Amino acid sequence: MQIVKQQYNQILETLLSGEFWFSIFGFFFKIALILILASVIVKISRKVINRVFSKNKRKAIRITERREKTLKKLIENALVYTIYTIVILTLLDTVGIKIGPLLAGAGIAGLAIGFGAQSLVKDIISGFFIVFEDQFAVEDYIYVSGVEGYVEEIGLRTTKIEDWTGERYVIPNGNITQVTNYSIHNGVPVVDINIPYENDVHEAKKIIDAISKEVFQKTDLFITEPEIIGVQALDVSHYVIRVIAETLPGEQWAGERYLREQIQSGLYSRGIDIPAPRVVMYSDQEKTKKHAFRLRKNEKVKGD
C-alpha cells in the first residue's frame with residue numbers, strides 16, 4: 001500500500017510541475033511548427049513553379065501549352081512527395097525514433113521489398129517516358145486501356161482520366177501500352193449518306209455538294225469545305241455517298257453530327273427521302289398468272 005501511495009504522489013507531483021507541461025507544450029509546438037513550415041514550403045514552391053512556367057515572351061525554352069501543364073503538374077507532385085517524406089523523417093526524429101538505424105534497415109529491407117515492388121518501379125519509369133516522349137498531355141482527349149476521356153493529371157505512378165460523362169479513371173502508368181491521342185492532329189468527320197436507287201447518283205452528288213458549301217459558310221466547325229469522296233457502298237435499297245471534312249483536334253464528332261443533320265435536312269427539302277427497307281410480297285394468284293405468262297412466252301418462242 002505504501003508503494004502505491006508513493007507512486008501516486010510521484011505522478012501527482014510530475015503532473016503539477018511546470019517543467020512537465022513545458023516539455024509537453026514544447027513537443028507539440030515542434031510538431032506543429034514542422035507541419036506549418038512544410039505547408040508554407042509547399043505553397044511557396046507551387047508559386048515558384050507557376051511563375052517559372054508562366055507565359056511570357058522572354059522565356060528561353062519555348063514549349064507547347066499542353067506540355068507545359070503536364071510538366072508543371074508532374075514537378076508539383078514530385079516536390080510534394082519529397083517534402084512530405086522529409087517531414088515524416090523529421091517527425092520520427094522529434095518523437096525520439098533514431099533515423100539512422102531506420103534508414104539502414106530500410107536499405108536492407110529495400111532489397112527484399114524491391115522484388116515485390118516491380119510494378120511500382122514499372123509505373124514510375126513508364127510515367128517518365130510518357131512525359132519525356134510527349135505521348136499525351138494534360139487536357140488531351142485520349143483512348144487508353146479501354147478508357148476514353150480527357151487527361152486530368154499525369155502523376156509519377158498513375159494517370160487520371162475523366163470520361164465525358166463525368167467518371168474519373170485512375171490507370172497505373174505501367175498498364176499504358178498503347179495510346180490513341182485525338183488532340184494532336186486535326187480531326188476528320190466521316191458522314192455516310194444513304195440515297196434511294198430511284199434518285200440519280202450524279203444529281204444527288206450535286207445536291208450534297210451544294211448543301212456542303214452552305215454548311216461551310218454557316219459554321220466555324222470546319223477548317224476545310226466538306227468534300228464528296230464518292231459512292232462508298234451499294235446496299236439492298238440504296239447506295240451510300242461518303243462526305244468528309246477537316247476540323248480542329250477533338251471537334252470531329254461535333255462536325256459529324258452537324259454535317260449529318262444539315263445534309264439530311266437539305267435532302268429532305270429537295271425531295272430526297274431516307275431509304276426504308278422494302279419487302280415485296282406476291283399472292284398465289286399472281287404467281288399462277290406469272291407462271292402461265294412465262295409458259296405462253298416460251299411456246300411462242302419455240303413456234304417461231
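For the structure itself, consult the block above.
Here the structure is a predicted model, which is why all the values come from computation and not from measurement.

Parameters at a glance
Residues numbered from 1 in each chain as written. Predicted model: local features only at pLDDT ≥ 70, side-chain atom pairs only at ≥ 80, totals over all residues. Heavy atoms only, no water. Phe/Tyr/Trp six-rings, centres within 6.5 Å; stacked < 30°, edge-to-face > 60°. Helix = DSSP H or I, 4+ residues; strand = E, 2+ residues; numbered from the N terminus. Buried < 20%, exposed > 50% of the residue type's maximum accessible area, 1.4 Å probe, protein only. Contact = heavy atoms within 4.5 Å. Pairing = 2+ DSSP bridges. Axes fitted to C-alpha atoms, helices over the stretch in contact; angles between N-to-C directions. Core = buried A, V, L, I, M, F, W, Y, C linked by side-chain atoms within 4.5 Å.

## With respect to the packing of aromatic side chains
Throughout the structure, instances matching the rule amount to six aromatic pairs. With centroids separated by 5.8 Å and ring planes inclined at 55 degrees, the aromatic side chains of Tyr-141 and Tyr-182 adopt a geometry described as tilted. Highlighted residues: Tyr-141 in strand E1 (residues 141-144) and Tyr-182 in the loop between strand E5 (179-181) and strand E6 (190-196), separated in sequence by 41 residues. Since its relative accessible area comes to 25%, Tyr-182 is described here as partly exposed. For the pair Tyr-182 and Trp-253, a centre-to-centre distance of 5.1 Å together with 70 degrees between the ring planes defines the contact as edge-to-face. Taken together, the residues Tyr-182 in the loop between E5 and E6 and Trp-253 in helix H7 (residues 252-269) connect sequence positions 71 residues apart. Taking the relative accessible area as the measure of exposure, Trp-253 reaches 30% and is therefore partly exposed. An aromatic cluster of at least three residues, connected via ring pairs, comprises Tyr-141, Tyr-150, Tyr-182 and Trp-253.

## Examining unusual backbone geometry
Not every positive phi belongs to a glycine, and Asp-134 is a case in point at roughly 55 degrees. Within the element layout of this structure, Asp-134 appears in the loop between helix H5 (118-132) and E1. According to the relative accessible area criterion, Asp-134 is partly exposed, its value standing at 25%. Here Glu-139, not a glycine, exhibits a phi torsion of approximately 80 degrees, which is positive. The residue Glu-139 is located in the loop between H5 and E1 in this model. Among the residues examined, Glu-139 registers a relative accessible area of 47% and is labelled partly exposed.

## Some thoughts on the environment of Leu-259
Here Leu-259 shows up in helix H7. Put simply, Leu-259 and Ile-211 are 48 residues apart on the chain and 9.3 Å apart in space, counted from C-alpha to C-alpha. Excluding its chain neighbours within four sequence positions, the residues that come into contact with Leu-259 are Val-191, Val-215, Phe-222, Pro-226 and Val-243.

## A closer look at the sheet that holds E5
Strands sit in the order E4-E3-E2-E1-E5 across an open sheet of five strands; the sheet is antiparallel. Strand pairing shows two members of the sheet lacking a second neighbour, strand E4 (168-172) and E5, which therefore form its edges. Averaged over all pairs of adjacent strands, the angle between their axes in this sheet comes to 40 degrees, without regard to strand direction.

## With respect to the nonpolar core
Residues Ile-193, Ile-195, Ile-208, Ile-263 and Leu-267 are the most contacted members of the largest nonpolar core, which totals 18 residues. The greatest single-element share of this core, amounting to five residues, is contributed by helix H6 (residues 201-218). Dropping the residues within four chain positions of it, Leu-267 is found in contact with Ile-193, Ile-195, Ile-207, Ile-208, Ile-211 and Ile-272. Core analysis: the next-biggest nonpolar cluster, separate from the first, contains 12 residues, Leu-74, Ile-130, Phe-136 and Ile-171 among them.

## Considering the sheet that holds E6
Within the open sheet, the three strands sit side by side as E6-E8-E7. Their pairing is antiparallel. Strand pairing shows two members of the sheet lacking a second neighbour, E6 and strand E7 (222-234), which therefore form its edges. Each neighbouring strand pair of the sheet contributes to a mean axis angle of 25 degrees, computed without reference to strand direction. As paired elements, E6 and strand E8 (residues 238-247) share seven bridges and run antiparallel to each other.

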